[in-house]
Amino acid sequence: MTGLIGRSAGDTQFEEMVGAMVDEDWYELDRVSEGSAAVGVLEHGTRDPDANVVWRGDGLLGVVYGVVSNRDRLALSWGDIFRGVVDDSRETLARLDGPFALACVDTRAGAVHLATDKVGSRPLYYAAGDDTVGADGGIAFASELGPLVAERAAPTLDPRAVGDLLLFGGVVGERTLLEGVGSLPPATRLTADGEVSTERYWEPAAEGLAPSGYPDRWLADYRRALADVAATAADRTLWFPGDADSRIAAAVLADQSPPLRTLTGGPRRGDRESAARVAASRETSSTRATEDPDHHLVDAVADAVAATDAMAAWSTVDALPYVTDRLHEDADVLVHGDAALDAATWAGAIGADDSAASALYEHERVLPAETVRDLLAADADPLESVDAVVATSVDGPAERTAVDAAGQVRAATELRSRAVQRRQVGTRTLASGSLLDTAARMPAAYRVGTRPISAPVGAGSPPIRRAVTERLGSDLATIPTGPAGGDSTASRGDESGGERGAAAGDAYVRRYATDDRFRRFVDDLLDGVAERDPLDADAVSALRDRLAADDLSTFAPVAALTGLELWARRHLDDDTAARGRSAVEV
């Protein structure tokens, strides 16, 4: 898997970390070292030559995984950036836009600085402290969990992180599945100089914006953010799932040179037709994702789990068999439009006396808390994770806090799952401070609904999307998008039974019922995870019984648990035979 790695001490262990990363035959390693400190990045090389940088100077070792999309406009050299990161002030990081994870080792002061971008587009994990192997006051860090397993003297699963995975479909906040290994949330800076401390270096402004002129302001910020990331890739392709926001991105990028291509990964016929019509209206070429029939779903799941470290349920990955196999044949760099106009639309329904934590739970969870408690044998309350996410979000009215907290959930689920695409190609995610600020301060009139949070969020396009689409051209407004040709702004699922994710899940349930190899694969992993701490064996067995009974609402937790077991076998089990066991052999 492409990504950054490094450590403040132990150059020979750095080589072991590199060996633990997921690899492809076209990857290239760029690294620098000084004394016993080393940093590096595993990258796509000529497929994405404008991304990633490794830098050395003034006793500093720096690495950026991704791009700083506004660096040219800010007229900053890489030396300026890394020297600014080492400075105690947060000003340099707060000015940087773009999808990146960043690390800088100050060999003079014996300090390490890590940072994530403003949306958390790339994971960044770290291990430090007395429980690390050969604890010497140093710190090891990577954008994968695998290289950090060997840093723990007795690696075990974190019960609360497992609860997060079941509750949200991804591990949220500062925890990881590996107890004692931390994760940096969006817009977070870590400093290790004998002690480890973290702080948030950027947040949106507190005051809201007036409705007058708001769509024009949003569109201007969006145009600049999208143009900036597109400019960082000479050969780019717009990922076009066929939803309403991807047509906005296609319209904004239509005038780019060289001409933009679109790649459609939507599973429905309507998605593909919408993509073709948008491409034709903007005179751009459109490619449809085509799966290789010989690339089995079992192989695709194994690849997805390896890319995400099971930190997000593999069922959240769009066009899973395609993006784990043929994607690199059709694109070098994927640009995600990321208008995210459906994000946290439910926040418009939060009243002055409503709880941001309650709203986040009601609208962003995948499973009810009581179901998560049943699946966990350990005493871990999933609602504590909800409270923790809200506690680390921005202060202010409940709506503002809830929108920020929802962004943390998005980083842990949707954005983390893009690692699967990044295994094959470069990716560009929008992480612009001005756009995020404008979106966070959206007037209530442009969000959906003003009803109490207990009321369901109705379907229909949010007013801001309609306003933006009208400004881009009336022809776009006539092209249907979403399921059955309609826009939808429901929460992460409004399925029956209190569980969500059935829309994506029922296809996997049908596959389970008809594909013997996939069924054996799932059953084997569920049998294994049922016996693994911190899961409750009886509850996992009951979940499997419900799956066999064709309960369409169950697959989100099934995907989370099977991914967890597959990752744990590879990285945690003492049995070398189990650790080396390949999913494709099941």
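Residues numbered from 1 in each chain as written. Predicted model: local features only at pLDDT ≥ 70, side-chain atom pairs only at ≥ 80, totals over all residues. Heavy atoms only, no water.

Enquirer: Sorry if this is basic, but what is going on with helix α7 (residues 214-230) here?
Expert: Given 3.6 residues per helical turn, the α-helix brings residues three or four places apart onto the same face. The terminal C-alpha atoms of α7 lie 24 Å apart, and with 17 residues this matches the ideal 24 Å at 1.5 Å per residue to within 8%. All of the buried residues along α7 are Y214, P215, W218, L219, D221, Y222, A225, L226, D228, V229 and A230. (Helix = DSSP H or I, 4+ residues; strand = E, 2+ residues; numbered from the N terminus. Expected span 1.5 Å × (residues − 1). Buried < 20%, exposed > 50% of the residue type's maximum accessible area, 1.4 Å probe, protein only.)

Enquirer: Could you clarify how one ought to interpret the side chain of S69 in this entry?
Expert: Within the secondary structure, S69 is located in the loop between β5 (60-66) and α2 (71-74). Here the side chain of S69 touches G98 through a polar contact of 3.4 Å, landing on its backbone nitrogen. If we ignore the near neighbours within four places in the chain, the residues touching S69 are D97, G98, D228, V229 and T232. (Polar contact = N/O pair within 3.5 Å; in protein donor to acceptor, adjacent residues only side chain to side chain. Contact = heavy atoms within 4.5 Å.)

Enquirer: What's the story with unusual backbone geometry in this structure? I'm lost.
Expert: Residues apart from glycine generally show negative phi values, whereas peptide bonds are mostly found in trans. Following D533, the chain continues to P534 via a peptide bond in cis, the omega torsion being 10°. You can see P534 is positioned in the loop between α22 (516-530) and α23 (537-548). The phi angle at A75 is positive, at roughly 55°, despite the residue not being glycine. Position of A75 relative to the elements: it lies in the loop between α2 and α3 (78-86). Residue A75 is classed as exposed on the basis of its relative accessible area of 63%. Notably, A319 is not glycine yet its phi reads approximately 50°, a positive angle. Looking at where A319 falls in the secondary structure, it is placed in the loop between α10 (297-308) and α11 (320-323). On the basis of relative accessible area, A319 is assigned to the buried category, the value being 19%.

Enquirer: Even after reading the chapter, I still don't get the environment of R160, so can you show me in this structure?
Expert: Here R160 is to be found in helix α6 (residues 159-168). Sequence separation of R160 and L383 is 223 residues, and the distance between their C-alpha atoms is 10.0 Å. Look past the residues within four positions of R160 in its chain and what remains in contact with it is R175, A380, E384, S385 and A388.

Enquirer: Looking at this model, I keep getting lost on the packing of helix α13 (residues 356-364) against helix α15 (residues 382-391). Mind explaining?
Expert: The packing of two helices is summarised by the inter-axis angle and the distance between the axes. Across the interface, α13 lies against α15 with an axial gap of 9 Å and an inter-helix angle of 120°. Here α13 lies oblique to α15, going by the angle between them. For the crossing formed where α13 meets α15, the hand is right-handed. Contacts between α13 and α15 involve A356, A357, L360 and Y361 from the former and L383, V386, D387, V389 and V390 from the latter. Its residues assigned to classes, the contact of α13 with α15 comprises 8 nonpolar, no polar and 1 charged. (Axes fitted to C-alpha atoms, helices over the stretch in contact; angles between N-to-C directions. Parallel < 35°, antiparallel > 145°, perpendicular 65-115°, else oblique. Left-handed = near helix turned anticlockwise from the far one by under 90°. Nonpolar A, V, L, I, M, F, W, Y, C, P; charged D, E, K, R; others polar.)

Enquirer: Would you mind going over α3 with me for this structure?
Expert: Judged by how many residues are buried, α3 sits mostly within the fold: 7 of 9 residues are covered. Restricting attention to buried positions, one finds in α3 the residues W78, G79, I81, F82, G84, V85 and V86.

Enquirer: Would you mind going over the nonpolar core with me for this structure?
Expert: Nonpolar side chains in soluble globular proteins tend to end up buried together. Of all hydrophobic cores here, the largest spans 128 residues; its most connected members are L177 and W314. Counting 29 residues, the second-largest nonpolar core is a separate cluster that includes W218, A250, L253 and L341. (Core = buried A, V, L, I, M, F, W, Y, C linked by side-chain atoms within 4.5 Å.)

Enquirer: Would you take a moment to explain the packing of α10 against α22 for this structure?
Expert: Following both chains from N to C, one finds α10 and α22 inclined at 40°, their axes separated by 9 Å at the closest point. Contact residues: L297, V298, D299 and V301 in α10; R517, F518 and F521 in α22.

Enquirer: Help me understand the sheet that holds β5, please; the structure alone is not making it clear to me.
Expert: Two strands in a sheet stick together by hydrogen bonds in their backbones, pointing the same way (parallel) or opposite ways (antiparallel). The strand order across the open sheet built from 6 strands is β4-β5-β6-β7-β11-β12, with neighbouring strands paired in antiparallel fashion. Two strands bound the open sheet, and with one partner strand each, they are β4 (53-57) and β12 (196-200). Each neighbouring strand pair of the sheet contributes to a mean axis angle of 10°, computed without reference to strand direction. (Pairing = 2+ DSSP bridges.)

Enquirer: For this particular structure, what's the right way to read the packing of aromatic side chains?
Expert: Aromatic ring pairs are described here by two measures, namely the spacing of the ring centres and the angle between the planes. On inspection of all chains with the given rule, the structure shows 11 aromatic pairs. Between W314 and Y508 the ring centres are 5.0 Å apart and the planes differ by 80°, which places this aromatic pair in the edge-to-face class. One end of the pair, W314, is in the loop between α10 and α11; the other, Y508, is in helix α21 (residues 502-514), with 194 residues separating them in the sequence. Overall, the relative accessible area of 2% leaves W314 in the buried class. In textbook terms, an aromatic cluster arises when at least three aromatic residues are bridged by ring pairs, as seen for W314, Y508, F518, F521 and F555. The ring of W26 carries the charged tip of R47 above its face, separated from the ring centre by 4.6 Å. (Phe/Tyr/Trp six-rings, centres within 6.5 Å; stacked < 30°, edge-to-face > 60°. Lys NZ or Arg CZ within 6 Å of the ring centre and 35° of its normal.)

Enquirer: Help me out: how do you make sense of the sheet that holds strand β16 (residues 333-336) in this one?
Expert: Within the open sheet, the 5 strands sit side by side as β15-β14-β13-β16-β17. Their pairing is parallel. Two strands bound the open sheet, and with one partner strand each, they are β15 (285-288) and β17 (426-428). Recorded for the sheet is a direction-independent mean angle of 30° between the axes of neighbouring strands. Pairing between strand β14 (residues 261-264) and β15: 4 bridges, direction parallel. Pairing of R261 across the sheet is with S285, part of β15.

Enquirer: Explain the pattern of salt bridges to me, please; I cannot follow it from the model alone.
Expert: Two side chains that carry opposite charge are able to pair once their charged atoms sit near each other. Per the counting criterion, the structure on display carries 37 salt bridges. The salt bridge partner of R428 is D48, with a shortest N-O separation of 2.8 Å. Of this pair, R428 sits in strand β17 while D48 is found in the loop between β3 (37-43) and β4, placing the two residues 380 residues apart along the sequence. Accessibility assignment for this pair places R428 and D48 in one class, buried. For the salt bridge of E384 with R160, the shortest nitrogen-to-oxygen distance reads 4.0 Å. With E384 in helix α15 and R160 in helix α6, this pair connects stretches of sequence that are 224 residues apart. The exposure class of R160 is partly exposed, given its relative accessible area of 23%. (Salt bridge = Lys/Arg side-chain N within 4 Å of Asp/Glu carboxyl O.)

Enquirer: Would you take a moment to explain the side chain of H336 for this structure?
Expert: On the secondary structure map, H336 appears in strand β16. Other than its neighbours up to four places away in sequence, H336 contacts L226, W239, R418, Q421, R428 and L430.

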